[in-house]
Amino acid sequence: MDHFSQADISNFFVAGINYKKTDATIRGMFAINNDKYANILTLAPSFGLHSLFIISTCNRTEIYGFAENAGQLIDLLCTQSTGSKKTFESLAYIKNGIAVVEYLFEVGAGLDSQILGDYEITGQLKQSVKFAKNYNFINCFLERLVNSVFQSSKMIRNETVLSSGTVSVSYAAVEYIRENIKKCAGRKILVVGIGKIGRNTCKNLVDYLETTNITLINRSEEKAAELAAELGLKYTPIEDLSAQIESSDVILVAANAAEPIVLTSHLQNKGYKLIVDLSIPYNVEASAANLPNISLINVDALSKINDETLLKRSAEIPKVKCIIAQNMAGFIDWYTMRKNAPALNAIKSKLAYLYMQHFSEIKGDPDKCPVIAAEKKIQKVINGLAGKMRGENQHGCHYLEALNEFIVSVDN
């Protein structure tokens, strides 16, 4: 369903929650994995929704789409949540129209990330939109918008230092491990889950801890084998999880399962272990933190970083906003022209007809009409009309003005 007339920007909404008002436990209630995402897209038409996508990361769950009101989007999202609609609405932010466009540009730039400038959001946004597109839920407005956001983000990375350095959630996890485990190179590390964040964390572990004493476990063993081969690591099937937990010193969990997969029972009387849970919802049973010799940290705690890198990034915000404004203006210009295209095409056809009539009355032979000259005159009028329609909403007045301008051009 890709009729542009149905993509009026006044019907474009975002409803979401993020780290600013919710902790990881609450966000976990509304986290959307691929199975839930597929269910939502299957149910969407029955809610009267046909153009939407969802971003669900450790920092946020947001649904963007065209609707009569934001409540439609919230109702749909909450069909797949363990949290209630009432809870979501009490914590949610809702934006509409141009405000949604500006907000998405800021999200894509990393301005709204828990760690300022975190570049991982770009890949997460791409995956979210690709998923919805596979179900035919990305109309031309959404496709153009996200492409403009990606272009803006690329300019920001190339022209500013907002995402410079190595500060991200995955890197923060590695820094925490390095600071809290002596002689990291000799410690056995277990990584459970190798999605986007898990992969990035594995690479950071190898690069910054200079260790390959790492074992990978993933629901898809084939993906674990591929990454292990790429980085020179070990992998094992998920059936060996309990034994691997027992023998590991550091356990990093990024599985994004619906329920905890590292349980308190796995860790009882198993010695000291440092556990980093990067999953939303949590994939390590909360009561494990109460065990002696268990140190458990989650994504919210890791994100509380304030160092020189982040101070340098903060100084780049004005420059970043200028780049966003430039790209956003280009998108709004495209939207305005696309929205006005039917009217402009109708006027262009009418002017062509009037020109032929005028020529026939004066010359008596429409077949000898100078078509190229006519097209040039008509296009000049249309270009002027289009420019005026961008900034005003008086199409009738502009139509009469175009006719007058055209008559003058014909007479000349």
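Right, let's walk through the structure included here.

Parameters and conventions
- Residues numbered from 1 in each chain as written.
- Predicted model: local features only at pLDDT ≥ 70, side-chain atom pairs only at ≥ 80, totals over all residues.
- Heavy atoms only, no water.
- Pairing = 2+ DSSP bridges.
- Helix = DSSP H or I, 4+ residues; strand = E, 2+ residues; numbered from the N terminus.
- 1 Å grid on protein atoms, 1.4 Å probe; cavity = no way out; pocket = protein on both sides within 12 Å on 5 of 7 lines; lining within 4 Å.
- Points joined across faces, edges and corners; volume = space filled by probe spheres on them.
- Nonpolar A, V, L, I, M, F, W, Y, C, P; charged D, E, K, R; others polar.
- Axes fitted to C-alpha atoms, helices over the stretch in contact; angles between N-to-C directions.
- Contact = heavy atoms within 4.5 Å.
- Buried < 20%, exposed > 50% of the residue type's maximum accessible area, 1.4 Å probe, protein only.
- Core = buried A, V, L, I, M, F, W, Y, C linked by side-chain atoms within 4.5 Å.

Ordered by their spatial adjacency, six strands build an open sheet running 7-6-5-8-9-10, and the pairing between neighbours is parallel. Among the strands making up the open sheet, the edge pair consists of strand 7 (234-235) and strand 10 (294-298). As judged from the five bridges shared by strand 9 (residues 273-277) and strand 10, these two strands associate in the parallel manner. Residue V276 lies in a different strand from strand 10, and its bridge partner there is I297.

All right, on to empty space enclosed by the protein then. According to the stated counting rule, one finds three cavities of 30 Å³ or more in the structure shown. Along its surface, the largest cavity is lined by T57, C58, N59, R60, S113, D118, E120, I121, Q124, V169 and I197. Residues of the lining of the largest cavity, tallied by class, amount to four nonpolar, four polar and three charged. For the second largest cavity, the full set of lining residues is G108, A109, G110, G117, D118, Y119, I121, T122, S153, I156, R157 and S163. Among the secondary structure elements, those contributing two or more residues to the lining of the second largest cavity are helix 5 (98-109), helix 6 (120-134) and helix 7 (140-159). Looking at which element gives the most residues to the lining of the second largest cavity, the answer is helix 7, with three residues. The residue inventory of the lining of the second largest cavity, partitioned by class, reads four nonpolar, six polar and two charged.

Let us now look at the layout of surface pockets. By volume, the largest pocket is sized at about 1400 Å³. Looking at the largest pocket, it is lined by 43 residues, and the ones nearest its centre are N34, G195, K196, A255 and N256. Among the elements of the structure, helix 2 (34-43), strand 2 (52-56), helix 6, helix 9 (196-209) and helix 10 (221-231) are those that each provide at least two residues to the lining of the largest pocket. Element by element, the count of residues in the lining of the largest pocket is highest for helix 6, at six residues. When grouped by side-chain class, the residues that make up the lining of the largest pocket number 19 nonpolar, 16 polar and eight charged.

Two pairing modes exist for strands in a sheet, parallel and antiparallel, and in both the strands are linked by backbone hydrogen bonds. Strand order in the open sheet made by the four strands is 2-3-1-4, with antiparallel pairing throughout. Each of the sheet's edge strands pairs with one partner strand only, and the pair in question is strand 2 and strand 4 (93-96). Averaged over all pairs of adjacent strands, the angle between their axes in this sheet comes to 10°, without regard to strand direction. In the sheet, strand 2 pairs with strand 3 (residues 60-66) via five bridges, with the strands oriented antiparallel. Of the residues in strand 3, the one forming a bridge with L52 is G65. Helix 5 contacts strand 1 (12-18), strand 2, strand 3 and strand 4 of the sheet and is inclined by roughly 140° relative to strand 3. Packed onto the sheet, helix 6 meets strand 2 and strand 3 and runs at close to 145° relative to strand 2.

On to the environment of C202. Along the polypeptide, C202 turns up in helix 9. Once the C-alpha coordinates of C202 and A228 are considered, the two residues, 26 residues apart in sequence, prove to be 9.5 Å apart. What C202 contacts, discounting residues up to four positions off in sequence, is V191, I194, L216, L227 and L231.

Here I280 and P281 are connected by a cis peptide whose omega angle stands at 0°. Tracing the backbone through its elements, the reader meets P281 in the loop between strand 9 and strand 10. You will see that N136, though not glycine, has its phi angle at about 65°, which is positive. Judged by relative accessible area, N136 falls into the exposed class, the value being 61%. We note that N256 has phi near 55°; this positive angle belongs to a residue other than glycine. When you line up the elements, N256 lands in the loop between strand 8 (250-253) and helix 12 (264-267).

This paragraph deals with the nonpolar core. F53, Y64, F141 and L216 are the most contacted members of the largest nonpolar core, which has 99 residues in total. It is helix 7 that contributes the most residues to this core, eight residues altogether. Discounting chain neighbours no more than four positions away, the residues touching Y64 are F12, F13, V14, S51, L52, F53, I55, V100, Y103, L104 and V107. Grouped together as the second largest cluster of nonpolar side chains are 14 residues, L241, I245, I275 and L291 included.

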